[in-house]
Amino acid sequence: MSLLKKKLEKLIPETQQDIKSLIAEKGDTQISTVSVAQAYSGLRGIKAFVCDTSSVSADKGLIIRGYPLLDIVNILPEEVFFLLLTGRLPNSEELTDLQSQYSSHSKVPEYVWSVLEKMPKDSHPMTMFNLGILAMQNESIFRKKYDEGMHKSEFWKYILEDGIQLISKLPELGAGIYRMRFNKGDRIESDSSLDWSGNFVHMMGMSDQGKDFHKLMQLYFMLHCDHEGGNVSAFASHTVASALSDPFYSVSAGLNGLAGPLHGLANQECLKFVLDVHDHFSGAPSKEQLKDFCWDRLKSGQVIPGYGHAVLRCPDPRFTAFINFGRDYIKNDDVFDIVNSLFDIAPKVLTEQGKAKNPWPNVDAASGSLLYHYGLKEFNFYTVLFSISRSMGMIAQMVWERALGIPITRPKSVTTDWIKENS
Ligand code: CMX
């Protein structure tokens, strides 16, 4: 048995008991109310379910199991997955154990490539990635065990098993799609001596970008891992998984939400915006020019990608971590300079416009410029990287939802007539 599973076997009964007592003691306490305006506005701000893997505070941003993000930016993505699931960082034996599981399950079945090869050559990489995950649903152990009549107390174990299978395969799937979609040549065999991010860089064919790019990918996969439970992708995967759809179905569903331009696709949109600025001014513009460019964009009814957030009311610490990386490692780069200038200008423009509740940058504002610097220029691939990482959060949330026996998601909708009669 893996050390991660062993740890969870001990932790889960303790937490089940703790929550049982909490519900017995405080089950009737109100934690939220819903106004008519909220009912028409994306459920914003309504506290209606629990997610313990991470939380997002308006003025501090992401906190993972009690650790403010900027305190743990240097940990590996493998470590953050262990942390999301268990509430503590792995020791070196536990880390090696998890890494060896990732290595042993990294191979994507051949039939997946046959499916992807049949797709139109200009398919969006996110469509290919999500379809690849869905195609692998045939591998689900949870589904097989469910069909055999497994007891519900066993659900979490096979969600974990599927989850590890899936996470192990995502670097090979993502890298293979990159090479196929952008004509980079044959797929490159996985190298089990490398860590999860290093193996991804190797299979992309980008090892020649050196250790700084490897470090950037470790940071990238760590920073995007989770963002509590209510964002579109987490909530979509939570809802689908609550029907006992297995992790392949549920993660693919969540990632279809991540592919929207107001969510994860904003990283591709943001770099596109920055490159438009660069092309328009044939280099980095002055602050006045950049301000006018932002205003033109707003006046044409488009958002400034990478800025604003439904929960945050401060610069996203994930943005800060990326900007710090860029300032440490990247010199004389017009594209990164524009990202830095935007950080100065865009919040002022958005504040002046007075619509966005949060004028500050989110995770998507800087990441693309760093990838671009290291030669990963195909920006419609960027959301696949976000997806590889975010799958960890979805899986961790799913394991706990099944362990705690959270039932099928089914909030109640009402009609406009009902609101008129009852408000
Ligand atoms: N540029 C222009 N207008 C913006 C804006 C931005 N970056 N952010 C918010 N606004 C506008 C909204 O479109 C809305 O306008 P209307 O009243 O005309 O509809 C108004 O300000 C109020 O919106 P809000 O309450 O501040 O923001 P929401 O909670 O509704 O939406 C988000 C949040 C992220 C979708 C929004 O800020 C946005 O569209 N940002 C740009 C896209 C982006 O960067 N998304 C990535 C978010 C992080 C992630 O999930 O990856």
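Residues numbered from 1 in each chain as written. Predicted model: local features only at pLDDT ≥ 70, side-chain atom pairs only at ≥ 80, totals over all residues. Heavy atoms only, no water.

*Asks:* How would you explain the overall build of the protein chain if you had to name every residue and give the values?
*Replies:* For the protein chain, the helix and strand inventory stands at 19 helices and 3 strands. Relative to the 2.2 N^0.38 estimate, which gives 22 Å for 423 residues, the radius of gyration of the protein chain is 22 Å and therefore close to what a compact globule would have. C-alpha atoms of the protein chain, sized along the principal axes, occupy 65 × 60 × 40 Å. Within the protein chain, the proportion of its 423 residues that are buried is 51%. The long-range share in the protein chain, meaning contacts at least 24 apart out of those at least 6 apart in sequence, stands at 75%. Of the roughly 19,500 Å² that the protein chain leaves accessible, carbon and sulfur atoms contribute 52%. In the protein chain, which carries 44 positive and 50 negative side-chain charges, the distance between the mean positions of the two groups comes to 4 Å. (Helix = DSSP H or I, 4+ residues; strand = E, 2+ residues; numbered from the N terminus. Rg over C-alpha atoms; globule rule 2.2 N^0.38 Å. Buried < 20%, exposed > 50% of the residue type's maximum accessible area, 1.4 Å probe, protein only. Contact = heavy atoms within 4.5 Å. Areas by Shrake-Rupley, 256 points an atom, 1.4 Å probe, with all protein chains shown as cover. Lys, Arg positive; Asp, Glu negative; His and termini not counted. Charge placed at Lys NZ, Arg CZ, Asp CG, Glu CD.)

*Asks:* Break down the domain arrangement of the protein chain for me, with residues and values.
*Replies:* Structurally, the protein chain comprises domain 1 (77-261 + 384-403) and domain 2 (266-373). Domain 1 and domain 2 are separated by 28 Å when their C-alpha centres are compared. In this assembly, 16 residues from domain 1 lie in contact with 16 residues from domain 2. Buried area between domain 1 and domain 2, summed over both chains or domains, comes out near 1,400 Å², and the portion from carbon and sulfur atoms is 68%. Sorting the residues of domain 1 by area buried against domain 2 places Leu216, Leu223 and His227 first, and these three jointly supply 35% of that buried surface. Summed over the shared surface of domain 1 and domain 2, the number is 0 salt bridges. The interface formed by domain 1 and domain 2 contains 3 residue pairs in polar contact (both at pLDDT 80 or more). Those elements that provide at least two residues to the side of domain 1 that touches domain 2 are α10 (210-223) and α18 (382-403). Broken down by element, the side of domain 1 that touches domain 2 gets its largest block of residues, 8 residues, from α10. For the side of domain 1 that touches domain 2, the residue count by class is 9 nonpolar, 4 polar and 3 charged. (Domains from an automatic or database assignment. Buried area = accessible area lost by both parts, 1.4 Å probe. Salt bridge = Lys/Arg side-chain N within 4 Å of Asp/Glu carboxyl O. Polar contact = N/O pair within 3.5 Å; in protein donor to acceptor, adjacent residues only side chain to side chain. Nonpolar A, V, L, I, M, F, W, Y, C, P; charged D, E, K, R; others polar.)

*Asks:* Account for a nonpolar patch on the surface, with residues named and values stated.
*Replies:* A cluster of nonpolar residues, Val115, Leu131, Leu134 and Tyr249, forms a patch on the protein surface that exposes about 290 Å² of accessible area. Within the secondary structure, valine 115 is located in helix α5 (residues 110-117). Assessed through its relative accessible area of 34%, valine 115 is described here as partly exposed. (Patch = residues over 30% accessible without salt bridge, like charges linked within 9 Å, V, L, I, M, F, W, Y side chains within 5 Å.)

*Asks:* Which residues make up helix α12 (residues 247-258), and what values do they have?
*Replies:* Spanning 12 residues, α12 covers 16 Å between terminal C-alpha atoms, matching the ideal 16 Å at 1.5 Å per step. Buried within α12 we find Pro247, Phe248, Ser250, Val251, Ser252, Gly254, Leu255, Gly257 and Leu258. Where α12 is buried, its residues meet α6 (125-135), α7 (141-147), α8 (155-181), α11 (232-242) and α18. Measuring from the side-chain oxygen of the N-cap residue of α12 to the backbone nitrogen of phenylalanine 248 gives 2.9 Å; that N-cap residue is aspartate 246. (Expected span 1.5 Å × (residues − 1).)

*Asks:* Talk me through the site of the ligand; I want residue IDs and the actual numbers.
*Replies:* Taken together, 21 residues form the shell around the ligand, and within it His263, Gly306, Tyr307, Lys357 and Asp364 come nearest. Between a nitrogen atom of the ligand and a main-chain N or O atom of isoleucine 304, the distance comes to 2.9 Å. Interatomic distance of 3.3 Å between a backbone N/O atom of alanine 356 and an oxygen atom of the ligand. (Near = heavy atom within 4 Å.)

*Asks:* Help me get a handle on the packing of helix α1 (residues 3-26) against helix α3 (residues 77-86), residues and values and all.
*Replies:* As a packed pair, α1 and α3 sit with axes 10 Å apart at the nearest point and diverge in direction by 15°. Comparing the axis directions of α1 and α3 gives the class roughly parallel. Considering how the two elements wind past one another, α1 and α3 form a crossing that is right-handed. The residues of α3 that touch α1, namely those facing Leu4, Lys7, Leu8 and Leu11, are Phe81, Phe82, Leu85 and Thr86. Of the residues in the contact of α1 with α3, the class split is 6 nonpolar, 1 polar and 1 charged. (Axes fitted to C-alpha atoms, helices over the stretch in contact; angles between N-to-C directions. Parallel < 35°, antiparallel > 145°, perpendicular 65-115°, else oblique. Left-handed = near helix turned anticlockwise from the far one by under 90°.)

*Asks:* Tell me about the nonpolar core, residues and numbers included.
*Replies:* Formed by 116 residues in total, the largest nonpolar core has its most connected members in Ile64, Phe81, Leu173 and Leu376. Two domains each donate at least three residues to this core, and these are domain 1 (77-261 + 384-403) and domain 2 (266-373). The residues touching leucine 376, leaving out its near neighbours within four places in the chain, are Tyr178, Met204, Met206, Phe213, Leu371, Phe381, Tyr382 and Leu385. (Core = buried A, V, L, I, M, F, W, Y, C linked by side-chain atoms within 4.5 Å.)

*Asks:* Just give me the short version of the pattern of salt bridges, but keep the residues and values in it.
*Replies:* Working definition: two side chains of opposite charge can pair if their charged atoms are close together. Summed over the entire model, instances satisfying the criterion amount to 14 salt bridges. Notably, a salt bridge pairs arginine 88 with glutamate 94, separated by 2.8 Å at the nearest N-O pair. Looking at arginine 88, the relative accessible area reads 30%, which means it is partly exposed. Among the residues examined, glutamate 94 registers a relative accessible area of 9% and is labelled buried. Among the ionic pairs, lysine 107 bridges to glutamate 172, the shortest N-O distance being 3.8 Å. Of this pair, lysine 107 sits in the loop between α4 (92-104) and α5 while glutamate 172 sits in helix α8, placing them 65 residues apart in sequence. A relative accessible area of 8% means that glutamate 172 is categorised as buried. Several salt bridges share partner residues, and in doing so they unite Glu9, Glu154 and Lys157 into one network.

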